[in-house]
Amino acid sequence: MDYSKLYRPSALNSFQFIALTGLLMSAGAHLILYFFVGHTPAGFNWLYVCWTAFYVIGTLINLFGKPDEPHDHHHH
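Source: prediction; values computed, not measured.

Reading the values: rules and limits
- Counting restarts for each chain, with residues numbered from 1 along the sequence as it is written.
- In view of the model being predicted, local features appear only for residues whose pLDDT reaches at least 70, and side-chain atom pairs are presented and counted only at 80 or more, with totals across whole chains, interfaces and linings using the full set of residues.
- The side-chain quantities take in all heavy atoms of the structure and omit both hydrogens and water.
- Strands are runs of DSSP state E lasting at least 2 residues, helices are runs of H or I lasting at least 4, and numbering of each runs from the N terminus.
- The criterion used for residue contact is that any of the two residues' heavy atoms lie within 4.5 Å.
- The protein chains shown are the only cover counted for residues, whose accessible areas, like all others here, come from Shrake-Rupley with a 1.4 Å probe.
- Structural elements are reduced to axes, namely lines fitted to C-alpha atoms, with helices fitted over the stretch in contact, and the angle between N-to-C directions of any two is expressed from 0 to 180 degrees.
- Angle categories: roughly parallel below 35 degrees, roughly antiparallel above 145, roughly perpendicular from 65 to 115, and oblique for all the rest.
- Crossing chirality is assigned from the near helix's rotation relative to the far helix, an anticlockwise turn below a right angle marking it left-handed and a clockwise turn marking it right-handed.
- Residue classes follow a fixed rule: Ala, Val, Leu, Ile, Met, Phe, Trp, Tyr, Cys and Pro count as nonpolar, while Asp, Glu, Lys and Arg count as charged, and any other residue, Gly among them, counts as polar.
- Using a 1.4 Å probe on the protein chains alone, a residue whose accessible area is under 20% of its type maximum counts as buried, one over 50% counts as exposed, and one in between counts as partly exposed.
- Multiply 1.5 Å by the residue count of a helix minus one, and that product is the helix's expected span.
- Polar contacts here mean pairs of N or O atoms no more than 3.5 Å apart (in protein, one a potential hydrogen donor and the other a potential acceptor; neighbouring residues in sequence count only if both atoms are side-chain atoms).

Caption draft 1: Region of interest: the overall build of the protein. Along the backbone of the protein there are two helices and zero strands. The long-range share in the protein, meaning contacts at least 24 apart out of those at least 6 apart in sequence, stands at 63%. Accessible area of the protein: about 6,000 Å², with a carbon and sulfur share of 71%.

Take a look at the structure:
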């Protein structure tokens, strides 16, 4: 199993890339809200749960889906 698909940027699929971007942006927003506003909105932490779930789904697709193998079309 190619575990570099979990962290190597060139091996990530779009789901993983979007999820990581979302996590980073959410963390940035969290820091800005915390330091400049003094609090985060109720339910803000659910963003992390959603991004993590999105990343896990993308990882499963990346590891167990086989988009880079040639497609064998069986003609009968």
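Caption draft 2: Representation of the packing of helix H1 (residues 14-37) against helix H2 (residues 46-64). For the pair H1 and H2, interaxial distance at closest approach is 8 Å and the crossing angle is 160°. If you check the angle between H1 and H2, you find them roughly antiparallel. Like other packed secondary-structure pairs, H1 and H2 cross with a definite hand, here left-handed. On the side of H1, the interface is formed by Phe15, Gln16, Ile18, Ala19, Leu20, Gly22, Leu23, Ser26, Ala27 and His30, while H2 contributes Leu47, Tyr48, Trp51, Thr52, Phe54, Tyr55, Gly58, Thr59, Ile61 and Asn62. Grouping the amino acids of the contact of H1 with H2 by side-chain chemistry returns twelve nonpolar, eight polar and no charged.

Caption draft 3: Looking closely at the environment of Leu60. As for its position among the elements, Leu60 is in helix H2. Given the relative accessible area of 45%, Leu60 is considered partly exposed. Leu60 sits 55 residues away from Lys5 along the chain, and the two C-alpha atoms are 10.0 Å apart.

Caption draft 4: Region of interest: H1. With 24 residues, H1 extends 32 Å between its outermost C-alpha atoms, agreeing within 8% with the 34 Å of an ideal straight helix rising 1.5 Å per residue. Measuring from the backbone nitrogen of Phe15 back to the side-chain oxygen at the start of H1 gives 3.2 Å, which picks out Asn13 as the cap. Backbone geometry just downstream of H1 places Gly38 in the positive-phi region, at approximately 100°.

Scope: geometric values only; no functional claims are made or implied.
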